[in-house]
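In case you want the letters, here they are:
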Amino acid sequence: MADVTRAATPINNRNIITPSRENRNTNEIPFDFQDTSKVKQATPNSEMQSQANVLRQDGSMTGFYEVLHDQEVTSAFLTNIFLLKEIVDILPANNETQTQEMHELLSNLTLSPDEISGEMMRQEDMSTMFKGGIFDMLRNMIQKNIAESGGDTQQVRDFQATVGNLLKALNNSASKGNVFSSVMNNLSFIRKLVDASPKLSTGLDALLEKFSLFNSQTQNLQNTTGFDAQFAALKSETLDFFTQLEKSILYNDEIAKSVSMATYNLSRIALSDEGITDSFSRLLGLMDNEEEKENLTNLLLGFLEQNDHVSQSKTMNALTEILRKQSENPDLKMLGSDSMNKIIQSLLSSPCNFTPLLHYVIPVQYEDLSSSAEMWINPDGENDLPGGSGSGRKLTHMLFVFEIADIGKFETEMWVEDKNITLSILCPEQYADFYKDKIKSIREDLSFSDYKFKEIGVDKLKEPRSLIEVFKSLPERRTGINVAI
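Residues numbered from 1 in each chain as written. Predicted model: local features only at pLDDT ≥ 70, side-chain atom pairs only at ≥ 80, totals over all residues. Heavy atoms only, no water.

### Concerning the overall build of the protein
Step number 1: Secondary structure assignment for the protein yields 17 helices and six strands.
Step number 2: When each of the 485 residues of the protein is scored for burial, the buried share is 36%.
Step number 3: Here the analysis covers contacts within the protein between residues at least 6 apart in sequence; of these, 65% occur between residues at least 24 apart.
Step number 4: Counting only carbon and sulfur atoms, one obtains 50% of the accessible surface of the protein, whose full area is about 29,900 Å². (Helix = DSSP H or I, 4+ residues; strand = E, 2+ residues; numbered from the N terminus. Buried < 20%, exposed > 50% of the residue type's maximum accessible area, 1.4 Å probe, protein only. Contact = heavy atoms within 4.5 Å. Areas by Shrake-Rupley, 256 points an atom, 1.4 Å probe, with all protein chains shown as cover.)

Structure below.
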């Protein structure tokens, strides 16, 4: 007879306490939102939450935030530009045409001493289109409206919102050519990723050809009268292609991002200026002074008739062309990839919502001496002080990083309050005593101006500082609610 498995009595833990069901009233509020006694206080100067600094769902840090912490960004930009000259000199001789073009571009990149002031003005003009003419008048009107209304009232907010809508419409009209070019770049990038599919690559080639033709016909969307139907058809064809692309086996996250950006940018493009007309009409309706209405109308017409609202920077134009040539030349791409990466990283420190600083790039060639300077300026420098804007002071905070061949690297930090300047110079160790002895001469050099040096400090430059170390308010501008309950 087969053995019968004996069933043992299960072992029970007799010490288990069965929790009693809590009697809850669903009509009661579980906790009081107005009671902040249980809210943990935020740690002073705490780091920003990581989820506020990502572009991708995988949690990777954005290049923008990394730029703030990268110490080399504040010193390696122009050093790498001059290094490119040496790289170009060792390019293979079998590509003499392109090598000569690079030599010419690098020559255009550098400035002579008498070109510096004009180049700085052009680079400043590139940082924003909202300056001069109509924009000065709008600022004055806002200040006047606040004064007449007695402060922050609904009337003031309505007026400011109307002006803001007009500025958005003007910006969209002025930038639609760049947005259209961005869509073409997205399509070109997708084209490389779907090269394995003859059907998709052929369709994209045809689509890119239509975009290029439309861009040429409208002069980069500067003259769009009569092209509304053609653009609507082109936009519809592009969106249909994206729908087809999503069904492909080649469709991945990288393509999806480019498709999303292209779709968003297409939605931003408006060929007509109806948005400007509508917002401007609403603004005129809020104005009482007929003379001001006429002046504002004339300034707007003058702005719209001027197609090119931004100055052309000699340095930046040459640099843009160098980056393009570098991406097309396999030899230069291989030799100068690290230098180009540093240049691009430094360009990310230009004015944007992540690093709202004025940014200047000044490479200078004087006879046989090469020098370079890079400048960052925070017009709201009081926010970089420990007390922030609560101090009640108004300052401009500047950082100048420059390097002189055969001498070394310098960092100069400047605070300007009214007409008083506080200057800090960090220089190579071997020159520290020399510049300390020259403080009196530095003061005398400014004797012609109303500005005066309140304090001058000279010390050794031990290591480069990152932007976030100098401009301490940069992370504060991106911080959200930092509390826990």
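### A few points about a negative patch on the surface
Step number 1: Where like charges cluster on the molecular surface, the negative patch consists of Asp 228, Asp 273, Glu 274 and Asp 278.
Step number 2: Take Asp 273: it is sitting in the loop between α9 (253–268) and α10 (274–285). (Patch = residues over 30% accessible without salt bridge, like charges linked within 9 Å, V, L, I, M, F, W, Y side chains within 5 Å. Salt bridge = Lys/Arg side-chain N within 4 Å of Asp/Glu carboxyl O. Lys, Arg positive; Asp, Glu negative; His and termini not counted. Charge placed at Lys NZ, Arg CZ, Asp CG, Glu CD.)

### Some words on the sheet that holds strand β1 (residues 358–366)
Step number 1: Strand order in the open sheet made by the six strands is β1-β2-β3-β4-β5-β6, with mixed pairing throughout. If you trace the sheet from one side to the other, it starts and ends with β1 and β6 (452–460), each paired once. Strand-to-strand twist across the sheet, computed as the mean angle between neighbouring axes with direction ignored, equals 15°.
Step number 2: Note: strand β2 (residues 369–378) against strand β3 (residues 396–404), eight bridges, orientation antiparallel. (Pairing = 2+ DSSP bridges. Axes fitted to C-alpha atoms, helices over the stretch in contact; angles between N-to-C directions.)

### Some points on the side chain of Ser 173
Step number 1: Its location among the elements puts Ser 173 in helix α6 (residues 154–193).
Step number 2: Ser 173 sits in the buried class, given a relative accessible area of 16%.
Step number 3: In contact with Ser 173, other than residues within four places in its own chain, are Asp 273 and Ile 276.

### Some remarks on the packing of aromatic side chains
Step number 1: Counted by the stated rule, this structure contains eight aromatic pairs.
Step number 2: Ring centres 5.4 Å apart and planes at 90° place the aromatic pair Phe 135 and Phe 303 in the edge-to-face group. On the criterion of sequence distance, the pair formed by Phe 135 in helix α5 (residues 133–149) and Phe 303 in helix α11 (residues 290–305) is long-range, its members being 168 residues apart. The same class applies to Phe 135 and to Phe 303, which are both buried.
Step number 3: With 5.7 Å between their ring centres and 85° between their planes, Phe 410 and Tyr 435 make a pair best called edge-to-face. With a gap of 25 residues between them, Phe 410 in strand β4 (residues 408–417) and Tyr 435 in helix α15 (residues 432–437) connect regions that are remote in the sequence.
Step number 4: Classification of Phe 410 by relative accessible area gives buried; the value is 3%.
Step number 5: Taken together, the ring pairs in this structure connect Phe 180, Phe 211, Phe 214, Phe 227 and Phe 231 into an aromatic cluster. (Phe/Tyr/Trp six-rings, centres within 6.5 Å; stacked < 30°, edge-to-face > 60°.)

### Quick notes on the pairing of strand β5 (residues 420–427)
Step number 1: With seven bridges joining them, β4 and β5 adopt antiparallel strand pairing. Bridge pairing in β5 places Glu 417 opposite Asn 420.
Step number 2: Counting the residues that bridge the hairpin from β4 to β5 gives two residues, and of these Asp 418 lies at a positive phi of roughly 60°.
Step number 3: Pairing analysis gives eight bridges linking β5 to β6, with the strands arranged parallel. Looking at the pairing, Thr 422 lines up with Glu 455 of β6.

### Focus: the nonpolar core
Step number 1: Phe 180, Leu 187, Ile 190, Phe 211, Phe 214 and Leu 245 are the most contacted members of the largest nonpolar core, which has 26 residues in total.
Step number 2: Elements supplying a minimum of two residues to this core: α6, α7 (198–217), α8 (228–246) and α9.
Step number 3: Residues contacting Phe 180, with those up to four places away along its chain left out, are Phe 211, Phe 214, Asn 215, Leu 221, Phe 231, Leu 234 and Ile 269. (Core = buried A, V, L, I, M, F, W, Y, C linked by side-chain atoms within 4.5 Å.)

### Some thoughts on the pattern of salt bridges
Step number 1: A full pass over the atoms with the stated rule returns 14 salt bridges.
Step number 2: A salt bridge links Glu 119 to Arg 122, with the nearest nitrogen and oxygen atoms 3.3 Å apart. Of the two residues, Glu 119 and Arg 122 are both situated in helix α4 (residues 116–127); the distance of three residues between them amounts to about one turn of the helix.
Step number 3: A relative accessible area of 0% means that Glu 119 is categorised as buried.
Step number 4: Assessed through its relative accessible area of 29%, Arg 122 is described here as partly exposed.
Step number 5: A single network of salt bridges, built from pairs that share partners, joins Arg 191, Asp 195 and Asp 205.

### What about the packing of α5 against α11?
Step number 1: Where α5 meets α11, the axes come as close as 8 Å, and the angle between the chain directions of the two elements is 145°. For the pair α5 and α11, the sense of crossing is left-handed. Between α5, through Gly 133, Ile 134, Phe 135, Met 137, Leu 138, Met 141 and Lys 144, and α11, the contact on the second element is made entirely by Glu 292, Asn 295, Leu 296, Leu 299, Leu 300 and Phe 303.
Step number 2: Of the residues contributing to the contact of α5 with α11, the split by class is nine nonpolar, two polar and two charged. (Left-handed = near helix turned anticlockwise from the far one by under 90°. Nonpolar A, V, L, I, M, F, W, Y, C, P; charged D, E, K, R; others polar.)

### Re unusual backbone geometry
Step number 1: Phi at Gln 219 takes a positive value of approximately 55°, unusual for a residue other than glycine.
Step number 2: Relative to the helices and strands, Gln 219 is located in the loop between α7 and α8.

### Thoughts on α9
Step number 1: Taking 1.5 Å per residue, 16 residues should reach 22 Å; α9 reaches 23 Å between its end C-alpha atoms and fits that length.
Step number 2: For α9, the complete set of buried residues consists of Ile 255, Ala 256, Ser 258, Val 259, Ala 262, Asn 265 and Leu 266.
Step number 3: At its buried positions, α9 is contacted by α6, α7 and α8.
Step number 4: Sitting at the head of α9, Asn 252 places a side-chain oxygen 3.2 Å from the backbone nitrogen of Glu 254. (Expected span 1.5 Å × (residues − 1). Polar contact = N/O pair within 3.5 Å; in protein donor to acceptor, adjacent residues only side chain to side chain.)

### Examining the packing of α5 against α6
Step number 1: Where α5 meets α6, the closest approach of the two axes is 9 Å, and the angle between their N-to-C directions is 170°. By the angle between their directions, the pair α5 and α6 is classed as roughly antiparallel. Mapping the contact onto sequence places Phe 135, Leu 138, Met 141, Ile 142, Asn 145, Ile 146 and Ser 149 in α5 and Gln 155, Val 156, Phe 159, Gln 160, Val 163, Leu 166, Leu 167 and Leu 170 in α6.
Step number 2: For the contact of α5 with α6, a count of residues per class yields eleven nonpolar, four polar and no charged. (Parallel < 35°, antiparallel > 145°, perpendicular 65-115°, else oblique.)

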